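These are the residues of each chain, in order.
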Amino acid sequence: MACDTFLKLARNCGSQLIIPHQTDKGRFPPFIEEVLPNVPVYTELLSTQQVEVFFSAVATIAKFQRNADTRNRWIGALLLPFNQEMQRVIREGVQSPAQFHTPANLLAIRRALRINRVVCEVLQMDFATQVSEAGRAEAQLLTFFQDFCDLFQLYGQAATATLRAKGAAAVNYQDTHHQLLIKREIVRMLQAFVAAYKPKDVGCGAQVNIEELCERFVPLLLKDFQDTPDCAKEPLELLFLSTLIETLKVGAAGSDDAQDRCKGLIPDILSAVFMPSLQLITKDRLQYTDLMLAFYKLMENLARFAFTSLFAFPEPEQKLLIDSLIWGFKDSDRKIYETALETVLLVLEAVRASENSFRQSFYRSFLVYLIENVLWESGRGDEVATA
């Protein structure tokens, strides 16, 4: 309750908590500067959820500060202990790889990434400058980004090796559980940053090149999704790809390369996630509901923002795409069938706006097939409602 109240105060009164206060007893520094040195004391007895709320509140207060240098100093002080702990584990792991997998170090890495993710969700684009040196905003961001990529790859491979050796039951092993959660925290943090990304100066005349960042991370994510056993495939990885496609295309709107910015990503994405996802959700739909919903959200954004690349394949592959959408709107889960139907509508609208040769070829191959299935499903729905 106290942490929730603190967060409400931060959101509604944050502008008053970043300025010095004058009282009869003298002049006092901003409230946030009194909080930062005592963060370990304040959070010592809090639960994991309460710690996240507390750090979210402090980051929210800092965000009210318009002076970038002061804001960066506050956030740097907030994150410094956790980033130092992460760097310590990395240094120890370089000397002895087994140190990456000790229970204490797994918890330390997970805690550092969780706090970075919470702060990133609040600061959004301003998070870029929190991992920078004076005069090297972009370069230092890429340095930390590489650490995130290396940790994602390291723990992904370790979890996969354990699951292949021990079977699905290993998901509940303590070390494997922490490794999977570390992967998840990295994906959530990068998704929050990508979702809020806008091409803008982040300080010292530098700009974060999101395409360069994605060139480093996306191949690792796709390989991880392919290699991870079915029992541990992560829906958040599909949601990250969906967010990335939307961000790249919206960010390119109006530019000369607006139609081609995602073109290089689509074949890799489809080859890595399309068939593995379809095999799972058609084999056991109830067990993989979250994965199924994430898959159709990805298909929706591919149809919305990268239609020409999505259907730049031979007709058999196009047929498989259409079949996957039909399976989706025949599902009983409302979110899934609504997402699939919305994607079908986006596809038909995009086809109508396409060149005549492609439009006629699509109509000849798929229009009647789609209409038959839509009408059959509508009729079945009416029968169920009547019964």
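Everything discussed here concerns the structure shown above.
So, here's what we can say about the structure. Predicted model only: the values in this text are computed from it and were never measured.

Looking at the nonpolar core
Here is step 1 of the chain: The biggest cluster of nonpolar side chains holds 112 residues, and the ones touching the most others in it are Phe217 and Phe240.
Here is step 2 of the chain: Looking at which element gives the most residues to this core, the answer is helix H6 (residues 103–123), with 11 residues.
Here is step 3 of the chain: Excluding its chain neighbours within four sequence positions, the residues that come into contact with phenylalanine 240 are Val187, Leu190, Gln191, Val194, Phe217, Val218 and Leu221.
Here is step 4 of the chain: Core analysis: the second largest hydrophobic core is formed by five residues, Ala159, Ala170, Leu180 and Ala232 among them.

A closer look at the environment of valine 35
Here is step 1 of the chain: Mapped onto the secondary structure, valine 35 falls in helix H2 (residues 31–35).
Here is step 2 of the chain: Once residues lying within four places of it in the same chain are set aside, the contact partners of valine 35 are Tyr42, Phe54 and Val58.

Concerning helix H9 (residues 210–227)
Here is step 1 of the chain: Compared with an ideal rise of 1.5 Å per residue, which puts 18 residues at 26 Å, H9 spans 25 Å between its outermost C-alpha atoms and is within 8% of the ideal.
Here is step 2 of the chain: Approximately 30 degrees is the largest bend angle found in H9, and it occurs at phenylalanine 217, with the proline proline 219 only one to four residues beyond.
Here is step 3 of the chain: Buried within H9 are the following residues: Ile210, Leu213, Cys214, Phe217, Val218, Leu221, Leu222, Asp224 and Phe225.

Digging into the side chain of glutamate 234
Here is step 1 of the chain: Here glutamate 234 is to be found in the loop between H9 and helix H10 (235–251).
Here is step 2 of the chain: For glutamate 234, a relative accessible area of 11% corresponds to the buried category.
Here is step 3 of the chain: If near-sequence neighbours (up to four positions away) are discounted, glutamate 234 is found in contact with Arg184, Phe225 and Leu291.

Considerations on the environment of arginine 88
Here is step 1 of the chain: Tracing the backbone shows arginine 88 in helix H5 (residues 68–95).
Here is step 2 of the chain: In this structure the C-alpha to C-alpha distance between arginine 88 and isoleucine 109, which are 21 residues apart in sequence, comes to 9.7 Å.
Here is step 3 of the chain: Once residues within four sequence positions are removed from consideration, arginine 88 is found in contact with Asn105 and Ala108.
Here is step 4 of the chain: In this structure the side chain of arginine 88 is engaged in a polar contact, spanning 2.8 Å, whose partner is the side chain of glutamate 92.

Observations concerning helix H1 (residues 2–13)
Here is step 1 of the chain: With 12 residues, H1 extends 16 Å between its outermost C-alpha atoms, agreeing within 8% with the 16 Å of an ideal straight helix rising 1.5 Å per residue.
Here is step 2 of the chain: When H1 is considered as a whole, its buried residues turn out to be Cys3, Phe6, Leu7 and Ala10. For H1, the buried positions fall inside an angular range of 100 degrees around the axis, keeping them on one side. Those residues of H1 that are exposed and angled more than 90 degrees off the buried face are Ala2, Lys8 and Asn12.
Here is step 3 of the chain: Residues of H1 that are buried make contact with H2 and helix H4 (48–63).

Rules used in this analysis
- Residues numbered from 1 in each chain as written.
- Predicted model: local features only at pLDDT ≥ 70, side-chain atom pairs only at ≥ 80, totals over all residues.
- Heavy atoms only, no water.
- Core = buried A, V, L, I, M, F, W, Y, C linked by side-chain atoms within 4.5 Å.
- Buried < 20%, exposed > 50% of the residue type's maximum accessible area, 1.4 Å probe, protein only.
- Helix = DSSP H or I, 4+ residues; strand = E, 2+ residues; numbered from the N terminus.
- Contact = heavy atoms within 4.5 Å.
- Expected span 1.5 Å × (residues − 1).
- Bend = angle between axes of the 7 residues up to and from the residue.
- Polar contact = N/O pair within 3.5 Å; in protein donor to acceptor, adjacent residues only side chain to side chain.
- Arc of directions from axis to C-beta.

The analysis is restricted to geometry; functional conclusions fall outside its scope.
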